[in-house]
Structures are given as C-alpha cells and as structure tokens.
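Residue-level structure breakdown
The primary structure of each chain is shown beneath.
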Amino acid sequence: MAHYDYVIVGGGIAGVSCAETLSYCAHDSRSVLVSASPVVKVATRFKQVTKVLEEFDVEEQSLDDIAKRIGSVGVLLDQAVSISHTERIVRLASGVALNYGKLCLCTGGKPKLIARNNPYVIGIRDTETVQEFQKRLQDATRVIIVGNGGIATEMVSELENVDVVWVVKHKSISATFVDAGAAEFFLKSWSEKRQQRNDEIQLNKPSARLKYTESSNSSLPSTTAGSALGPDWAGNILMSGKFYTAGSLQIEYECEIAGILTPDECLVKNLPAWENGKYPVYAELTNGKIIGCDFIVSATGVIPNVDLVIGCMPADGIAVDGGIKVNENMESILEDVFVAGDACTCAWETAPHWIQMRLWTQARQMGAYAARSMIAKTTHQSVHLDFAFELFAHITKFFGFKVVLLGLFNGQGLEKEYEILLRMTVGVEYIKIIVKNGKVQGAILIGDSDLEETFENLILNGTDVARYGEDLLNPDIDIEDYFD
Ligand code: FAD
C-alpha cells in the first residue's frame, strides 16, 4: 500500500490551497491530492487589498494543469469512500488504499435543496448547475428564487428579461450579509436602474452591459461532483429570460416554500382561474400565496459535506451546524485528521472580531493554514494562528455595488448593546459602523468609499473613537488624518 506523508481529499479552493502550500513548504515530502472531479478550483490573480482583505479570481483548471502547478504534490482523480482512522488509511472508489501520516479533508459543502428529485427545482453549486439554469432561463417568463444569502442576492441582481419572485424568510433581503437599511439601499438603487433599463428597451437601445459565458475551459470534462463556483460567477454569465422588458421583482418576506404543486394539484387549492395552467409548477408559500413559475431556484445555502467521516468520527467531533469541529490548528478530534473550508466548523475560541462564514476567502486561508499546521506537527514545531483569523473581512459585489464587510458587521454577538453610525446617499453609498464602548467593532461599506483600510485599522488597533462622535463618518473630514 502506498504511503504518503500528507493526503488531501477534495479539489476545491481549500484542497488546492492546502496542496499549493505543501508544495512550497514540504516539497521533500510525499503528498497527494485526491479529487473526485477532473476539474479543480484554483485561486488566481491574488490581490491583498488591505492587511486582511483579499481579492482573487477563481479559475477552473484540469487535474493535469494543477499537477504542474503543485509540483511535488501528486494528484489522483478518484473519490475517497472511507477512512480507517486506527489504520491511517483512506480507501478510494477505485479500490486503491492510501496510508497517510496526516490527512486533510477539504470535502466542501452540499447544497441544501428545498426539494430533491423535483425536475422544476434546481440548486446552484457548480458550472454544470449554472449551465442548466441558463438553459432553462431562456424560455422562462417567471422564476422563483428561494433563499436570502449571497447566491440568491447575486442572482436577483443579475437576472434580466424575466419576472422574479424572491422568497426570503427574513424581514429584509440579503439578510445573511447586510442589515435592513442596506437592503433598502439596494432595492431603491435596483428600482432606479431597472426603470432606466425599461426606458432604454422602449427606445430600443441595446444593453450597455456586456456579459460572457463563464470562462471555463470547455474542453474540460463535465463532472457531477464539482467544486463550488467562484466569486464572479453571477457577473460573468448571461442571466436573461424570454421577455423583451427588463422584468419585475416581487419579494415575499418572512415566508418559505410550504409545498410545490403541479397545475392539477392547484385546481384543488382554488388557484385564480387566469393563472391556472399558465405555468408548469406552482409554489405554495407559508403566507398562503400560491405562485406559478417556470422553475424554482433553491439557493438556501450549503451544509458541510462530512459523508466521508460518517462511521469514524465520534458524535462530539461534529458541530451543531453539521461541520467537523476543528481546533486552532485545523485539526479535528481524530488525531492527524485536519479539516479546512466549508466542511469544517471552527471550534476554538476565535478572535473577538472574526466569525466563520463559508466563503472562498476563508476556504483559501484555512487550506493554507491547515498545510502549515500539518507540517509543524510533523516537524515538532509550533504554529501560530494566521493573521487572517484576527478580523473577519469579505469583499463582494451586490446589485452592482462593491460591498466590504469587516469585523462584527451586523453586531454579531454584541447583544444589541452598540451604537450605529450611518452615512447614506441613495445610489452612491451606504456606510454603517458598529461602535461599542467607544471602539469600532464592525463595518458595512457599500459603494466606492475607500474606507476599508481605515476601519480595518480602527478595529484591529482597538482605537478609542468616542471623542470623534459622528465626525467619524463626516465626508468633509478625512478621518485617516485623525489617526495617522
Ligand atoms: P468546495 O469548493 O465545495 O470543494 C470541495 C471539493 O471536494 C469538490 O471538488 C468535491 O468534488 C470534492 N470532494 C467532496 N467529497 C470528496 C471525496 N469523498 N473524495 C474526493 N473529492 C471529494 N463565496 C464567496 O466568498 N464569494 C462568493 O461570491 C461566493 N459565491 C458562491 C456562489 C455559489 C453558487 C456557491 C455554491 C458558493 C459560493 N460561495 C462564495 C461559497 C464558496 O464557493 C465556498 O465557500 C468555497 O468554494 C468552499 O471551498 P471548499 O474547497 O471548502 O469546498
């Protein structure tokens, strides 16, 4: 049986980042990356925006390409099917067994679907599901999007030429990331742009927005077990329905899907006659409404994919959210089994301004840090928690606006005992700062404010800002000068 010092399972951002770090820092070791998919996700064009805020593109690469990139780490196209922790063996679907010194599980997440095996419900996870979504959209006049996180928000902001019904279980949209005020800001800006677009359509003007299909290598084989998509997935693909108008947006707040009905089943439910049979599928909402559509997108998040450890992980090794618990070295309660990315749940006492969110940045950081932890353990050295885990920082784009989230951006864990400083200009910017005991705890920066570095420093340094009061957000005062 082949022995490897390090075995990595999973070819998503976390697994590839772990493999890259091993190839730099442990090139004399025998390491292998096992990927169930012939296509892996790689972080490219990395840019450190501030001390902790980072931006990068996510590209699909074939296993052959990645093998060249990670040099000393071998690659295997195979699926890990079981682990024997006592024997230190990972068994693969092909029958091959690998003996490991240290194992890093980067098996990602599985979409939470509101209904499985319903042909009218699709989940968005990888390139294949996006292609399916685009295909169906071409003939669609109305779609229902269920979910209130990043995926749903990006879809709603990009969809055109189709009516959208957005079903959210909270009182405001995009609640996973932003507060109700920011949600209003997005919706007002969206309505203005949509009105403008409809006017352009009336005047027969072409869309100013150019879009391309995802820049994946079409010669790559398709996969049923691909990695999650990369950051700009929604902006890079054409999301257009059948209409010649820009399409409307109806939001159903504080409700969920209670049932999915066929047109025949709707007859029994007294659906208004004019809609009867117009759509191939109907969603019954918990607020009592029944809404027809061409198809439903289930964008209700992911659950950690921990299938591989079922049978070998004691129950207390799994967190309430379903992830594999890891300590500050990314090691699970099974000795020498490390976990990184969406599959893990951070169970150490984290820094006051850091929170775990299943995002590509954290997957990349965790993968690299898990590699360094494994090496340190092998070489009996100590490793310090990476600086990236000091402050939560995320950069994304919603409704065409740059969105930067820092620290406890929604007052997470502060029990509502904090002050809010707010600055907003509709269509331009929405800045919200969370202050507790005179210190900045978190920030939501929407628009091109360029304030990210300043607020990152204020949070990290624990600067007392009490004496500046509302001047902290006074646009006429350059607050960076205050603190230089
Ligand atoms: P994954 O990317 O899920 O990779 C896991 C890999 O493990 C897969 O390749 C899988 O095939 C493989 N695998 C699983 N089990 C086995 C096995 N037994 N044997 C071998 N291989 C196995 N995050 C952001 O920060 N910004 C965004 O804009 C954003 N948009 C998103 C949009 C969508 C539609 C989705 C679904 C997610 C988005 N995310 C976004 C989240 C982000 O993609 C994930 O947090 C990140 O990809 C997690 O990386 P990972 O490596 O842990 O897991």
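Bear in mind the structure is a predicted one, so any value in this text is a computation, not a measurement.

Packing of helix α1 (residues 13-25) against helix α7 (residues 360-378) brings their axes to within 7 Å, and their N-to-C directions diverge by 40°. For the crossing formed where α1 meets α7, the hand is right-handed. Facing α1, whose interface residues are I13, A14, S17, C18, T21, L22 and C25, α7 presents W360, A363, R364, G367, A368, A371, R372, M374 and I375. Across the contact of α1 with α7, the residue classes tally to eleven nonpolar, three polar and two charged.

A few words now on the environment of D163. Within the secondary structure, D163 is located in strand β12 (residues 163-167). Sequence separation between D163 and L249 is 86 residues, and the spatial gap between their C-alpha atoms is 6.1 Å. A polar contact is formed between the side chain of D163 and the backbone nitrogen of S248, at a distance of 2.8 Å.

Our focus in this paragraph is the sheet that holds strand β23 (residues 401-407). Spatially, five strands are ordered β22-β23-β26-β25-β24 in an open sheet, and the strand pairing comes out antiparallel. Edge positions in the open sheet fall to β22 (393-398) and β24 (419-425), since each of these has one partner strand only. Pairs of neighbouring strands in the sheet enclose a mean axial angle of 15°, with direction left out of account. As paired strands, β22 and β23 are joined by six bridges and run antiparallel to one another.

Moving on, we come to unusual backbone geometry. Even without being a glycine, R45 presents a positive backbone phi close to 45°. The residue R45 is located in strand β3 (residues 39-48) in this model. Residue classification places R45 among the exposed residues on the basis of a relative accessible area of 57%. At E254, a position not held by glycine, the phi torsion is positive, near 50°. Locating E254 in the fold gives a position in the loop between β13 (249-252) and β14 (257-261).

What follows covers the confidence of the model for the chain. Looking at the chain, the pLDDT average stands at 87 and 88% of residues meet or exceed 70. The low-confidence segment residues 207-225, where pLDDT is below 50, has 35 contacts with residues more than four positions distant or belonging to other chains.

So, on to the sheet that holds strand β11 (residues 142-146). A sheet is described by the order of its strands in space; here five strands give the open sequence β10-β17-β11-β12-β13, paired in parallel fashion. A strand with exactly one partner marks an edge of an open sheet, and here the two such strands are β10 (121-123) and β13. Within the sheet, the average angular offset between the axes of one strand and its neighbour, ignoring direction, is 20°. Looking at chain direction, β11 and strand β17 (residues 295-298) are connected through four bridges and run parallel. What sits directly across from I144, in β17, is I296. This element, helix α4 (residues 150-158), spans β11, β12, β13 and β17 of the sheet and lies at about 160° to β12.

What counts, and where the lines are drawn
Residues numbered from 1 in each chain as written. Predicted model: local features only at pLDDT ≥ 70, side-chain atom pairs only at ≥ 80, totals over all residues. Heavy atoms only, no water. Axes fitted to C-alpha atoms, helices over the stretch in contact; angles between N-to-C directions. Helix = DSSP H or I, 4+ residues; strand = E, 2+ residues; numbered from the N terminus. Left-handed = near helix turned anticlockwise from the far one by under 90°. Contact = heavy atoms within 4.5 Å. Nonpolar A, V, L, I, M, F, W, Y, C, P; charged D, E, K, R; others polar. Polar contact = N/O pair within 3.5 Å; in protein donor to acceptor, adjacent residues only side chain to side chain. Pairing = 2+ DSSP bridges. Buried < 20%, exposed > 50% of the residue type's maximum accessible area, 1.4 Å probe, protein only. pLDDT = per-residue confidence, 0-100.

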